[in-house]
Amino acid sequence: MTWTTDRIPDQHGRTAVVTGANSGLGLVTAAALAHRGAHVVLAVRDPAAGRQAARRIGGTVEVRELDLASLASVRAFAARLAADHPVLDLLVNNAGVVLLGPRRTSVDGHELHLATNLLGHFALTGLLLGNLAAARAARVVSLSSITHRNAHLDFADLMGERGYRGTTAYGRSKLATTVFGVELDRRLRAAGSPVLSVLAHPGVTRTNLTPRAWEHRGRWGRVIARLGLLATQPVERGALPQLRAATDPGVRGGQFFGPARFFQTRGPVTEVRYSPEAADPVVGRRLWTAAEELTGVGYL
């Protein structure tokens, strides 16, 4: 049977945090959870855009500022949220950046793809893990990408300082995100934690990340972005894998969901496999150690 949002169980009494919830996949995910009764925290870099999204969503939502590219912002957000919500049922690490222009760094000096797509979420998850463990059946959902399958982590150059290419940096950051989700599952199981770590990817989906990725190319970049959007599936369909990962009662820790057709670029939701490197426990331990050192957040 095809999995759709009609199969999302009642979410009343549950509190969910969705990063990057003001647009694209995050907005669709937050709206679906709110419409099923969840109290949804929209964790957004731009509070004004978040408030606009909240008005569109309706339901029980709140907007909180979070810049994943700033570890100070992550810590401040987590501290306030943990105090206000002692029990959290769901954390959807959805937000991300795709920047194909020159190399950029975060306020902490980290390559921007890695800072936003991995390090910010690594720190956020660690800082909220106690609140998640207080719930009866909490989940952390990490958003991967099909690009992770062709990427390779260079631990001698995690920040991409040598021969930088935006496409390579993005793929590596999504591989790192996938490695994190898999390693988090291993550590949660070993600790006997009730929290599940689940992964998802949207295939090739129509979001605002595609136009932003090409903005450095000016008018020609806008043409490329429009042509690229023709090959994508609607964002409502692209959000289904992460919604299934977040809500399907039968989900197990470590599962990975994505589209079923055309090399996982589109189609109905199915369980998919991560790349051999993403599944390698040696890579998982090595990345975990590096992430702890880079963020100053240690857990599990």
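Sequence positions are assigned chain by chain, starting from 1 and proceeding in written order. This being a predicted model, a pLDDT of at least 70 is required before a residue's local features are given, and a value of 80 or more before pairs of side-chain atoms are given or counted; all residues contribute to the totals for chains, interfaces and linings. Side-chain figures throughout are based on the complete set of non-hydrogen atoms in the structure, without hydrogens or water.

**Section: the overall build of the protein**
(1) Moving on: Runs of H or I in DSSP of at least four residues are treated as helices and runs of E of at least two as strands, each being numbered from the N terminus. Secondary structure assignment for the protein yields eleven helices and eight strands.
(2) Moving on: Burial here depends on accessible area, computed with a 1.4 Å probe over protein chains only, as a share of the maximum for the residue type. Under 20% is buried, over 50% is exposed, and the range in between is partly exposed. Counting only residues that meet the buried cut, the protein has 57% of its 300 residues in that class.
(3) Moving on: Counting every atom, the protein has about 12900 Å² of accessible surface; 52% of that belongs to carbon and sulfur. Here the accessible surface of atoms and residues is derived via Shrake-Rupley with a 1.4 Å probe, and residues count as covered only by protein chains that are part of the display.

**Regarding the side chain of Asp89**
(1) Moving on: Residue placement: Asp89 occurs in the loop between helix 3 (71-84) and strand 4 (90-93).
(2) Moving on: Given the relative accessible area of 9%, Asp89 is considered buried.
(3) Moving on: Only 2.8 Å separates the side chain of Asp89 from the backbone nitrogen of Thr15, close enough to count as a polar contact.
(4) Moving on: Here, two residues are considered to be in contact whenever any of their heavy atoms come within 4.5 Å of each other. Other than its neighbours up to four places away in sequence, Asp89 contacts Gly13, Arg14, Thr15, Leu132, Ala135, Ala137, Ala138 and Arg139. Identification of polar contacts relies on pairs of N or O atoms within 3.5 Å, with a donor-acceptor requirement for protein atoms, meaning one able to donate a hydrogen and the other able to accept it, and with residues adjacent in sequence counted only if both atoms are side-chain atoms.

**So, unusual backbone geometry**
(1) Moving on: Even without being glycine, Leu300 reaches a positive phi, approximately 50°.
(2) Moving on: Here Leu300 shows up in the segment after helix 11 (281-295).
(3) Moving on: With relative accessibility at 39%, the residue Leu300 sits in the partly exposed group.

**Some points on the side chain of His85**
(1) Moving on: Note on placement: His85 falls in the loop between helix 3 and strand 4.
(2) Moving on: Judged by its relative accessible area of 13%, His85 falls in the buried class.
(3) Moving on: When neighbours within four sequence positions are excluded, His85 is seen to be in contact with Thr15, His39, Val41, Glu62, Arg64 and Asn131.

**Considering the packing of aromatic side chains**
(1) Moving on: Put simply, two rings from Phe, Tyr or Trp (the six-membered ring, in Trp's case) pair if the centres are within 6.5 Å, and we call them stacked under 30 degrees between planes, edge-to-face over 60, tilted for the rest. All chains considered together, the criterion is met by six aromatic pairs.
(2) Moving on: Ring geometry for Phe122 and Tyr299: centres 5.1 Å apart, planes at 45°, overall tilted. One end of the pair, Phe122, is in helix 4 (residues 112-133); the other, Tyr299, is in the segment after helix 11, and 177 residues separate them in sequence.
(3) Moving on: Note on Tyr299: relative accessible area 9%, which makes it buried.
(4) Moving on: Ring geometry for Phe256 and Tyr274: centres 5.6 Å apart, planes at 25°, overall stacked. A residue pair is termed long-range when its members are at least 10 positions apart, and Phe256 in strand 7 (residues 256-261) and Tyr274 in the loop between strand 8 (266-271) and helix 10 (276-279) qualify at 18 residues.
(5) Moving on: Tyr274 gets classed as partly exposed once you look at its relative accessible area, which sits at 24%.
(6) Moving on: Here the aromatic cluster, defined as three or more aromatic residues joined through ring pairs, consists of Phe122, Phe180, Trp288 and Tyr299.

**Let's talk about the environment of Leu243**
(1) Moving on: Relative to the helices and strands, Leu243 is located in helix 9 (residues 240-247).
(2) Moving on: On the basis of relative accessibility, which here comes to 1%, the residue Leu243 falls in the buried class.
(3) Moving on: Dropping the residues within four chain positions of it, Leu243 is found in contact with Trp3, Thr5, Ile8, Thr29, Ala32, Leu33 and Asp248.

**A few points about the environment of Gly181**
(1) Moving on: Examined against the element boundaries, Gly181 turns out to sit in helix 5 (residues 166-190).
(2) Moving on: Judged by relative accessible area, which is 0%, Gly181 ranks as buried.
(3) Moving on: In this structure, the C-alpha to C-alpha distance between Gly181 and Ser144, residues 37 residues apart in sequence, is 8.8 Å.
(4) Moving on: Those residues in contact with Gly181, other than ones at most four positions away along the chain, are Ser142, Ser197 and Leu199.

**As for the confidence of the model for the protein**
(1) Moving on: A residue's pLDDT is the confidence the predictor assigns to it, expressed on a 0 to 100 scale. In the predicted model, the protein carries a mean pLDDT of 92, and the fraction of residues at 70 or more is 90%.
(2) Moving on: Between residues 211-230, whose pLDDT stays under 50, and residues either more than four places distant or in other chains, the model counts 16 contacts.

**A look at the packing of helix 1 (residues 24-35) against helix 2 (residues 47-57)**
(1) Moving on: Fitting a line to C-alpha atoms yields each axis, with helices limited to the stretch in contact; the angle taken between N-to-C directions then spans 0 to 180 degrees. Two elements in contact, helix 1 and helix 2, have axes whose closest approach is 10 Å; the angle formed by their N-to-C orientations is 40°. Classified by the interaxial angle, the pair formed by helix 1 and helix 2 is oblique. Crossing angle aside, the handedness with which helix 1 passes helix 2 is right-handed. For the pair helix 1 and helix 2, contact is made by Leu27, Ala30, Ala31, Ala34 and His35 and by Ala53, Arg56 and Ile57, respectively.
(2) Moving on: We call Asp, Glu, Lys and Arg charged. Ala, Val, Leu, Ile, Met, Phe, Trp, Tyr, Cys and Pro are nonpolar, and the rest, Gly among them, are polar. Class assignment for the residues of the contact of helix 1 with helix 2 results in six nonpolar, one polar and one charged. Between 65 and 115 degrees an angle is taken as roughly perpendicular, under 35 as roughly parallel, over 145 as roughly antiparallel, and anywhere else as oblique. In a left-handed crossing the near helix is turned counterclockwise from the far helix by less than a right angle, and in a right-handed crossing that turn is clockwise.

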